[in-house]
Amino acid sequence: MGRSTLRRDDLRSLFTPPTTASEQVGLEIECGVVDPETGLGAAFGGRRGIKAVLAALLAEWEGKAQYNDGELIGVELADGGLIGLEHGGQFEYSAPPAADVVTAVDELRRTMERLAELLGRFGLALLPGATLPFDRVESAPLMPLSRGVPMRAYFAGLGAVGSRAPGILSLSMSTQVHLDPLSEEDFARKLRMLTAASPVVAALFVNSPLYAGELDGLLSHRSYDWLRTDPQRCGVLRAALEGDADFDAVIDWALRRRMIFYRDRAGRLRPGPDKPFAAVLEQGFDDGGTVTYDHWVSHMTQIWTHVRPRRTLELRAPDGPPYPYISAVPALWTGLCYHPASRAAAWELLGRYGVAEQEAATEQLPAEGLRTLLGGDRVHELAAELVRLAREGLRARVAAGLERPKVLEYLDPLDEVLETGQTFAERCAARWETDLARDPRRYVAAYRV
């Protein structure tokens, strides 16, 4: 035991696209499961709890159960999709990849609306967005996910820089997109542009102004919490902007991070060693175990940068928008990324900003939204140019027969945000004080699926 037999090629294989790779669109959406009267998250147990809902889902839908220490925590659907449980009781739906944005969105909506109907029979509502708006960290329901124990301990040990991790684990939601690289060179081009665009896109999509039913001036509590979860593994992926942005640059960056947890030879979950992954590769685990490929895969899931690179590029930066506008997220990213001319123009626009300027913008955007400055430039104007480039990219894909014309409508809500200067968060805050009358019941009715 001790030194691992894993070689650089083994580490690289996690990022290497298959020879049959094509540019598909994958979607993940995390939603709260809440009481429609109070807006509070549902408990795991009980007649109307998460466990009962999952049991009904397993009985009625075609799928395979997923368990954690004997508790049902998810259902793998027959089409390859997955409905799984998050730490605060949120449901995450990971859809199977689709060839185009409209197909991906249509499938997402069908599943979400079917899931909302099931929840309605339990007196619960499915609530998309970016954070649970009425729960508090200290009173949010706990779920039977064993990895939560070492994660909470790890973040607590970080002190102030990990102080908001409990909010991420308990309250956070999102709408995420997975896009495909076709080669290592393509990986690098896409990764660097998507990384550079992430703070601008996050500022455009801010949508979590409420915490425990109160407005405190923040437009994105989710983005604020991610800033204070672990700067070593969250936020701007420096390897994408400071070097070649290829597989080896990402691997070298990840080797310098420590693991939060791992499974030992008996399958038990243990806290990760207090040393970089590279050192564990050389020396083995403290219990005598050797690092395997599965440990490497697990390590890369314990990294939450704006763009999380593996065989796909997972885009995590923006808040989840209101349900009617979910389609704007994959439309924007796909138009920017899958049209070479738009991708090159976006990198030319944003590649001149250094890591320090990107990180400073990431610090500002939870409170400033479109007023954020990137370098000396207003994000509002940069976001408008990204939306324009994305629309050009989508038009080109429609002309090539890769997208359906309907996809162009998906960017219209972003045009309205840019024209009015009112983000989704600012609209929500205004409604909370007016027609929603600070009433959780009205809020849930307005924003549920």
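What you see is a predicted model, and the numbers here were worked out from it, not measured in a lab.

Asks: How should the overall build of the chain be read in this particular structure?
Replies: From N to C terminus, the chain includes 18 helices and 17 strands. In terms of C-alpha radius of gyration, the chain reaches 21 Å, essentially the compact-globule figure of 22 Å for 449 residues. In terms of principal-axis extent, the alpha carbons of the chain reach across some 65 × 55 × 45 Å. By the burial criterion, 58% of the 449 residues in the chain qualify as buried. For the chain, contacts bridging at least 24 residues in sequence account for 73% of all contacts bridging at least 6. Split by element, the accessible area of the chain, about 17400 Å² in all, is 50% carbon and sulfur.

Asks: Help me understand empty space enclosed by the protein, please; the structure alone is not making it clear to me.
Replies: One way to see where empty space is left: roll a probe the size of a water molecule over the atoms. Counted by the stated rule, this structure contains two cavities of 30 Å³ or more. Considered as a void within the structure, the largest cavity measures approximately 140 Å³ in volume. What lines the largest cavity is a set of 16 residues, among which Pro 128, Gly 129, Ala 130, Asn 207 and Tyr 443 lie closest to the centre. In terms of residue class, the lining of the largest cavity is made up of twelve nonpolar, four polar and no charged. In this structure, the second largest cavity spans a volume of roughly 40 Å³. Residue lining of the second largest cavity: Thr 131, Leu 171, Leu 210, Tyr 211, His 221 and Asp 225, and that is the complete set.

Asks: How should the layout of surface pockets be read in this particular structure?
Replies: For the second largest pocket, the calculated volume is near 480 Å³. Lining the second largest pocket are 23 residues, with Leu 227, Cys 234, Gly 235, Val 236 and Thr 362 sitting closest to its centre. Contributing elements (two or more residues each) for the lining of the second largest pocket: helix H7 (221–227), strand S10 (234–235), strand S13 (304–305) and helix H14 (355–368). Considering each element in turn, the lining of the second largest pocket owes the most residues, four residues, to H7. Classifying every residue of the lining of the second largest pocket by side-chain character gives nine nonpolar, six polar and eight charged.

Asks: What is the right way to look at the environment of Thr 19 in this model?
Replies: The residue Thr 19 is located in the loop between helix H1 (8–12) and strand S1 (25–34) in this model. Assessed through its relative accessible area of 84%, Thr 19 is described here as exposed.

Asks: Would you mind going over the side chain of His 299 with me for this structure?
Replies: In this fold, His 299 is placed in helix H11 (residues 293–301). When its relative accessible area of 0% is taken as the criterion, His 299 is described as buried. Setting aside its immediate chain neighbours within four residues, His 299 contacts Ala 254, Arg 257, Arg 258, Met 259 and Phe 277.

Here is what the cut-offs are and how they apply
- Residues numbered from 1 in each chain as written.
- Predicted model: local features only at pLDDT ≥ 70, side-chain atom pairs only at ≥ 80, totals over all residues.
- Heavy atoms only, no water.
- Helix = DSSP H or I, 4+ residues; strand = E, 2+ residues; numbered from the N terminus.
- Rg over C-alpha atoms; globule rule 2.2 N^0.38 Å.
- Buried < 20%, exposed > 50% of the residue type's maximum accessible area, 1.4 Å probe, protein only.
- Contact = heavy atoms within 4.5 Å.
- Areas by Shrake-Rupley, 256 points an atom, 1.4 Å probe, with all protein chains shown as cover.
- 1 Å grid on protein atoms, 1.4 Å probe; cavity = no way out; pocket = protein on both sides within 12 Å on 5 of 7 lines; lining within 4 Å.
- Points joined across faces, edges and corners; volume = space filled by probe spheres on them.
- Nonpolar A, V, L, I, M, F, W, Y, C, P; charged D, E, K, R; others polar.

From the geometry alone we can't say anything about function, so treat these as descriptive.
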